[in-house]
Amino acid sequence: VVVFRWDPETELLVGLTDEDEEERYAAGVRAYDFDSGLAPYNLSAYAWWQEMAGSITESTLHRTLP
């Protein structure tokens, strides 16, 4: 499990500096503590998402990256 936190100043995901906090999050993931807030994946849209994501060009990706 890799844990990151969103930094609103840099608008980047950054690693945690507190190892105990990182381990608590990792343990929570392994224990499915966060799953109750998730919705099931819409499998009927899977093919559409694959097609859409597959049409993103490298040029478009570079324009959207910070």
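Rules behind the numbers
- Residues numbered from 1 in each chain as written.
- Predicted model: local features only at pLDDT ≥ 70, side-chain atom pairs only at ≥ 80, totals over all residues.
- Heavy atoms only, no water.
- Helix = DSSP H or I, 4+ residues; strand = E, 2+ residues; numbered from the N terminus.
- Expected span 1.5 Å × (residues − 1).
- Contact = heavy atoms within 4.5 Å.
- Polar contact = N/O pair within 3.5 Å; in protein donor to acceptor, adjacent residues only side chain to side chain.
- Salt bridge = Lys/Arg side-chain N within 4 Å of Asp/Glu carboxyl O.
- Buried < 20%, exposed > 50% of the residue type's maximum accessible area, 1.4 Å probe, protein only.
- Pairing = 2+ DSSP bridges.
- Patch = residues over 30% accessible without salt bridge, like charges linked within 9 Å, V, L, I, M, F, W, Y side chains within 5 Å.
- Areas by Shrake-Rupley, 256 points an atom, 1.4 Å probe, with all protein chains shown as cover.

### Section: helix 1 (residues 19-30)
Under the 1.5 Å per step criterion, the end-to-end length of helix 1 is 16 Å for twelve residues, consistent within 8% with the ideal 16 Å. Lining the buried residues of helix 1 we find strand 1 (4-7). Where helix 1 begins, one side-chain oxygen reaches toward the backbone nitrogen of D20, 2.9 Å away; that side chain belongs to D18. Backbone geometry just downstream of helix 1 places Y32 in the positive-phi region, at approximately 60 degrees.

### Points about the pattern of salt bridges
Summed over all chains, the structure comprises two salt bridges. Here R5 ties to E21 by a salt bridge, and the two come within 2.5 Å at their closest N and O atoms. With R5 in strand 1 and E21 in helix 1, the pair connects residues that are 16 residues apart, well separated along the chain. Given the relative accessible area of 38%, R5 is considered partly exposed. A salt bridge links E23 to R30; the nearest nitrogen and oxygen atoms lie 2.7 Å apart. Taking relative accessible area as the criterion, E23 reaches 44% and is therefore assigned partly exposed.

### Some points on the pairing of strand 1
Here strand 1 pairs with strand 2 (residues 12-15) via four bridges, running antiparallel. Each bridged residue has a counterpart across the sheet, and for W6 the counterpart in strand 2 is L13. Once strand 1 ends, the chain turns through four residues before running back antiparallel as strand 2, passing E11 with a positive phi of about 55 degrees.

### Some details on a nonpolar patch on the surface
On the surface, a cluster of nonpolar side chains totalling about 700 Å² of accessible area is made up of Y41, L43, Y46, W48, W49 and M52. Examined against the element boundaries, L43 turns out to sit in the loop between helix 1 and helix 2 (46-54).

### Overview of the side chain of E21
By relative accessible area, E21 is classed as buried at 16%. Apart from residues lying up to four places away in sequence, E21 is in contact with R5 and L16.

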